[in-house]
Amino acid sequence: MLNLWITVESIPKLLRGALLTVELAATILALSLALALPVALCLNSKRRVIANTALAYIMLFRGTPALIQVFLVYYGSSQFDWVRSSFLWPIFKEPYWCAIIALSLNGAAYTGNIMAGAMRAVPVGSVEAAKALGLSWSRTQMLVVLPQAVQIAFPAYTNEVIQTLKATSLASTVTLLELTGAAQTLVNDTYAPYEVFLAAGAMYFVLTYLLTLLFRRIETRLRIGSGELAGATLKLKQRVEA
Amino acid sequence: MLEALFTYRHQLLAGAQMTLLVAVASLALATVLGIAGAAAKLYGPPYAVRAANGYTLLVRGVPELIVIFLIYFGGTVTLSKIAGRYVEVQPFVAGVVSLGVVFGAYMTEVFRGAILAVPRGQAEAAHSLALSNRQAFLLVTLPQAWRYALPSYGNQWLILLKHTSLISVVGLEELMRKSVIVAGATRQPFVIYCSAAAVFLIMTLTSMLLLRVIENRVERGVKLA
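Please read all numbers here as calculations on a predicted model, not as lab measurements.

Peer 1: Help me understand the overall build of chain A in this model?
Peer 2: Scanning chain A from terminus to terminus reveals eleven helices and zero strands. In chain A, the order of α-helices and β-strands from amino to carboxyl end is α-α-α-α-α-α-α-α-α-α-α. Its C-alpha atoms put chain A at 70 × 50 × 25 Å along the principal axes. For chain A, buried positions account for 50% of its 242 residues. Residue pairs in contact within chain A that sit at least 24 positions apart in sequence constitute 77% of those at least 6 positions apart.

Shown next, in the form of structure tokens:
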């Protein structure tokens, strides 16, 4: 049966891994959120060239596995001598930064798509009202469109946050010792897969569960007095799944 | 630079074939588990409802990689103990079981929503025609639920197709694993991984087109509100 002593012994190492997992997830989420806004604005642009460029970016990142993207940034970049000799090499030789770059670009594609959909779902009347009040384009976006879009996008974004947390496990494939990587090395040492992987799985579960609770809290706070956006919220969540 | 790609093209194509095979096999398992899970949640006795709820909650909170490792390494340990000698789980089997179990959880929600979307009157009519619960579910509700399930089902297929690349970590020679091998042999990782990404892109884009065709076909004759 299970040797619980191995589980207990592995907990400190797994916790250290979990800390790195949280660090990776937080960095990736911050970067992809920052990148997602320009992506969403470009995607909704009236200029065809700009909108299609954003669409191509999203297609490329959503149409290929995240694992390949991580490998492309980490192993792929080292194929070129000019990368190796450039000032960027200190970044591209680190698996830590490569995982962050790849997964942030990936997350920005998904999040940008969610944001763009949410901005399109904002009731036209409120934009017209802003225009009638003489607000400029940028002020309309900042003061009228975005606050409503955030509410509409929130449930879909919560899913995206959970996916990102789980996607950090891919960093283990480029030698990072986050939770999955730490579990793997422990299994290599002890050859007790159930004891270690079940413990790691439980830690992931607790992390995602806490995140879900936190985001549900924020969601109910955001929802104050915005019943008319509920339909758009549900539709967006169903549409941006893949 | 592209010579390497040309030399090893058969390797990559064989990998793509394996990717499709493992994806279709996982989809089949996920569909069966999804329908069973949805039926358990909607019609099952309390313990079945609780079991199905636990299944979807747990699986969705854990990365696929962990599930794959657990089933591959855990399965090997268990099988070896039973057989009394070292028996390794086939990477293909481990991959299909893990992706099937993971996506079965997502499919449970897909089918649950779809079954709920079928008007109640349909099942009631079936019962009034003396069909058993089983017959009413399999012959009346489920065939109609497919139509509602299709868009989300297609989305899950697209995600599943990409996630097959994760099975490469336990050594299944699908497209990703083949790319790692070829990238090592040619020392041109950028070219090889880009090609593999392109193959995946072709597969997902083709799937999207096919799904749109199927959705249109399924929607024929349906009155739009």
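Peer 1: When you look at helix α2 (residues 48-62) of chain A in this model, what are you seeing that I'm missing?
Peer 2: An α-helical turn contains 3.6 residues, so a residue and the one three or four places further along point in the same direction. Residues and elements named next belong to chain A. A rise of 1.5 Å per residue sets the reference length of α2, with its 15 residues, at 21 Å; its end C-alpha atoms lie 21 Å apart and thus fit the reference within 8%. Along α2, the residues classified as buried are Ala 51, Ala 54, Tyr 57, Ile 58 and Phe 61. Buried residues in α2, looked at end-on, bunch into an arc of 120 degrees, giving them a common side. What points out from α2, more than 90 degrees from its buried face, is the exposed set Arg 48 and Val 49. On its buried side, α2 packs onto α1 (4-43), α3 (66-74) and α6 (95-121).

Peer 1: Would you take a moment to explain the interface of chain B and chain A for this structure?
Peer 2: Put simply, an interface is often sized by how much accessible area is lost when its parts join up. Counting residues at the interface gives 45 residues for chain B, matched by 37 residues for chain A. Across the chain B/chain A interface, buried area totals approximately 3500 Å², and carbon plus sulfur atoms make up 75% of it. Considering only the side of chain B, the residues that lose the most area to chain A are B:Ile66, B:Leu70 and B:Lys162, jointly responsible for 16% of the buried surface there. Counting across the chain B and chain A interface gives zero salt bridges. At the boundary of chain B and chain A, one finds ten residue pairs in polar contact (both at pLDDT 80 or more). Elements represented by at least two residues in the side of chain B that touches chain A include exactly α3 (46-60), α4 (64-83), α7 (133-163), α8 (175-186) and α9 (189-218) of chain B. Of the residues that constitute the side of chain B that touches chain A, the class distribution is 29 nonpolar, twelve polar and four charged.

Peer 1: Help me understand the environment of A:Thr173, please; the structure alone is not making it clear to me.
Peer 2: Residue placement: A:Thr173 occurs in the loop between α8 (137-167) and α9 (179-190). Excluding its chain neighbours within four sequence positions, the residues that come into contact with A:Thr173 are A:Leu67, A:Phe71, A:Tyr75 and B:Val169.

Peer 1: Where do I start with α3(B) in this structure?
Peer 2: In this model, α3(B) (15 residues) spans 21 Å end to end at C-alpha, consistent with the 21 Å of a helix rising 1.5 Å per residue. As for α3(B), its buried residues are in contact with α2 (9-43) and α5 (91-117) of chain B.

Peer 1: Can you walk me through the pattern of salt bridges in this structure?
Peer 2: Once the charged atoms of two side chains with opposite charge are near each other, the side chains can pair. Residue and element names in this part refer to chain B. By the definition in use, this model includes five salt bridges over all chains. A salt bridge links Glu 173 to Lys 178, with the shortest nitrogen-to-oxygen separation between them at 3.1 Å. Residue classification places Glu 173 among the partly exposed residues on the basis of a relative accessible area of 38%. Residues participating in the shared-partner salt-bridge network are Lys 41, Glu 109 and Arg 112.

Peer 1: Looking at this model, I keep getting lost on the packing of aromatic side chains. Mind explaining?
Peer 2: In this description, an aromatic ring pair is defined by two values, namely the gap between the centres and the angle between the planes. As enumerated under the stated definition, the model contains 19 aromatic pairs over all chains in all. Note on A:Phe197 and B:Phe73: the rings are 6.3 Å apart at their centroids and 25 degrees apart in plane angle, and the pair reads as stacked. Note that A:Phe197 is positioned in helix α10 (residues 193-222) and B:Phe73 in helix α4, a pairing that runs across two chains. Through pairs of rings, three or more aromatic residues link up here, namely A:Phe71, A:Tyr74, A:Tyr75 and B:Tyr193. Just above the ring of B:Phe6 sits the side chain of B:Arg9; from NZ or CZ to the centre is 4.0 Å. Note that B:Arg147 overlies the ring of B:Tyr148, its terminal NZ or CZ placed 4.7 Å from the centroid.

Peer 1: Honestly, the environment of B:Glu124 in this entry has me stumped. Any pointers?
Peer 2: Residue and element names in this part refer to chain B. As for its placement among the helices and strands, Glu 124 is situated in helix α6 (residues 120-128). Its relative accessible area of 44% is what places Glu 124 among the partly exposed residues. For the pair Glu 124 and Arg 217, spaced 93 residues apart in sequence, the C-alpha separation works out to 27 Å.

Peer 1: What's the story with a nonpolar patch on the surface in this structure? I'm lost.
Peer 2: On the surface, A:Phe87, A:Leu88, A:Ile91 and A:Trp97 cluster together into a nonpolar patch covering about 420 Å² of accessible area. Along the chain, A:Leu88 falls in the loop between α4 (81-84) and α5 (89-92).

Peer 1: How should the nonpolar core be read in this particular structure?
Peer 2: Soluble globular proteins tend to pack their nonpolar side chains together in the buried interior. If you look at the biggest cluster of nonpolar residues, it comprises 92 residues, and the most contacted ones within it are A:Leu14, A:Leu24, A:Ile68 and B:Phe103. When residues in this core are grouped by element, the largest group, twelve residues, is from α5(B). Those residues in contact with B:Phe103 that sit more than four places away from it in its chain are B:Ala30, B:Gln156, B:Ile159, B:Leu160 and B:His163. Ranked by size, the runner-up nonpolar core spans 26 residues in total, among them A:Ile114, A:Val145, A:Ile152 and A:Ala153.

Rules of the game
- Residues numbered from 1 in each chain as written.
- Chains lettered and ligands numbered in written order.
- Predicted model: local features only at pLDDT ≥ 70, side-chain atom pairs only at ≥ 80, totals over all residues.
- Heavy atoms only, no water.
- Helix = DSSP H or I, 4+ residues; strand = E, 2+ residues; numbered from the N terminus.
- Buried < 20%, exposed > 50% of the residue type's maximum accessible area, 1.4 Å probe, protein only.
- Contact = heavy atoms within 4.5 Å.
- Expected span 1.5 Å × (residues − 1).
- Arc of directions from axis to C-beta.
- Buried area = accessible area lost by both parts, 1.4 Å probe.
- Salt bridge = Lys/Arg side-chain N within 4 Å of Asp/Glu carboxyl O.
- Polar contact = N/O pair within 3.5 Å; in protein donor to acceptor, adjacent residues only side chain to side chain.
- Nonpolar A, V, L, I, M, F, W, Y, C, P; charged D, E, K, R; others polar.
- Phe/Tyr/Trp six-rings, centres within 6.5 Å; stacked < 30°, edge-to-face > 60°.
- Lys NZ or Arg CZ within 6 Å of the ring centre and 35° of its normal.
- Patch = residues over 30% accessible without salt bridge, like charges linked within 9 Å, V, L, I, M, F, W, Y side chains within 5 Å.
- Areas by Shrake-Rupley, 256 points an atom, 1.4 Å probe, with all protein chains shown as cover.
- Core = buried A, V, L, I, M, F, W, Y, C linked by side-chain atoms within 4.5 Å.

Function-wise, these values are silent; they only describe arrangement.
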